[in-house]
Amino acid sequence: MAVLAAVPALLPAEVAGGIKWTPPSAWKSQGPRPMRAATYTVPAAPGDKEPGEVAVFYFGPGQGGSVQANIQRWIGQFEQPDGKPSAGKEKTAKRTINGLPVTTIDLSGTYKAAAGPMAPTPVSKPGYRLLGAIVEGPQGAVFFKFTGPAKTVAANQAAFESLLASITR
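Residues numbered from 1 in each chain as written. Predicted model: local features only at pLDDT ≥ 70, side-chain atom pairs only at ≥ 80, totals over all residues. Heavy atoms only, no water.

Colleague: Lay out the packing of aromatic side chains in plain terms, naming residues and giving numbers.
Modeller: Throughout the structure, instances matching the rule amount to eight aromatic pairs. Ring plane angle 15° and centroid distance 6.1 Å describe the contact between Phe 57 and Phe 59, whose orientation is recorded as stacked. With a centroid separation of 6.0 Å and an interplanar angle of 15°, the aromatic rings of Tyr 111 and Tyr 128 are classed as stacked. Taken together, the residues Tyr 111 in strand β8 (residues 100-113) and Tyr 128 in strand β9 (residues 123-137) connect sequence positions 17 residues apart. Comparing Tyr 111 with Tyr 128, the two get one shared label, buried. (Phe/Tyr/Trp six-rings, centres within 6.5 Å; stacked < 30°, edge-to-face > 60°. Helix = DSSP H or I, 4+ residues; strand = E, 2+ residues; numbered from the N terminus. Buried < 20%, exposed > 50% of the residue type's maximum accessible area, 1.4 Å probe, protein only.)

Colleague: Kindly report on the pattern of salt bridges, identifying the contributing residues and their values.
Modeller: Counting across every chain of the model gives six salt bridges. With a shortest N-O distance of 3.6 Å, Glu 79 and Lys 112 are connected by a salt bridge. Within this pair, whereas Glu 79 is found in strand β6 (residues 78-79), its partner Lys 112 is found in strand β8, the two being separated by 33 residues in sequence. Between Glu 161 and Arg 95 there is a salt bridge, with its nearest N and O atoms 3.0 Å apart. Taken together, the residues span a long stretch of sequence, with Glu 161 in helix α4 (residues 157-165) and Arg 95 in strand β7 (residues 91-97) at a distance of 66 residues. (Salt bridge = Lys/Arg side-chain N within 4 Å of Asp/Glu carboxyl O.)

Now the structure itself:
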């Protein structure tokens, strides 16, 4: 029994849409929620008042809208410090991870966060950043959306990239 106790626990891979991934060990899983395959709380960077959040969405085969429609929706959830729209301020890229097409986005500004299903007015969160990835999985798109204070997102960008690198079928 002592031998088993000495073996480090491996983090279980999460699964949705025919893909699996392994979250960073420092991120706290919140488990599935309505419309989410997984949710992680990302520790706040020193000086930030709130943590980041990685939400993973999977709606089913052919569901959730196109990759481009989702990128545009995410851009629409941010505005620039001067109050202007964020269109054109995002950095997007396409790449392949373990044979799967992935579109990524990086955007900073004021995040218009949904306050919840019963609160129709979004909450403005200045100084926020979004790192997003849409993975075209064998059973449909899986959406990874990392939002949080810009310092917290920057401090965890390598961890987010590690999560993306872990994606397999």
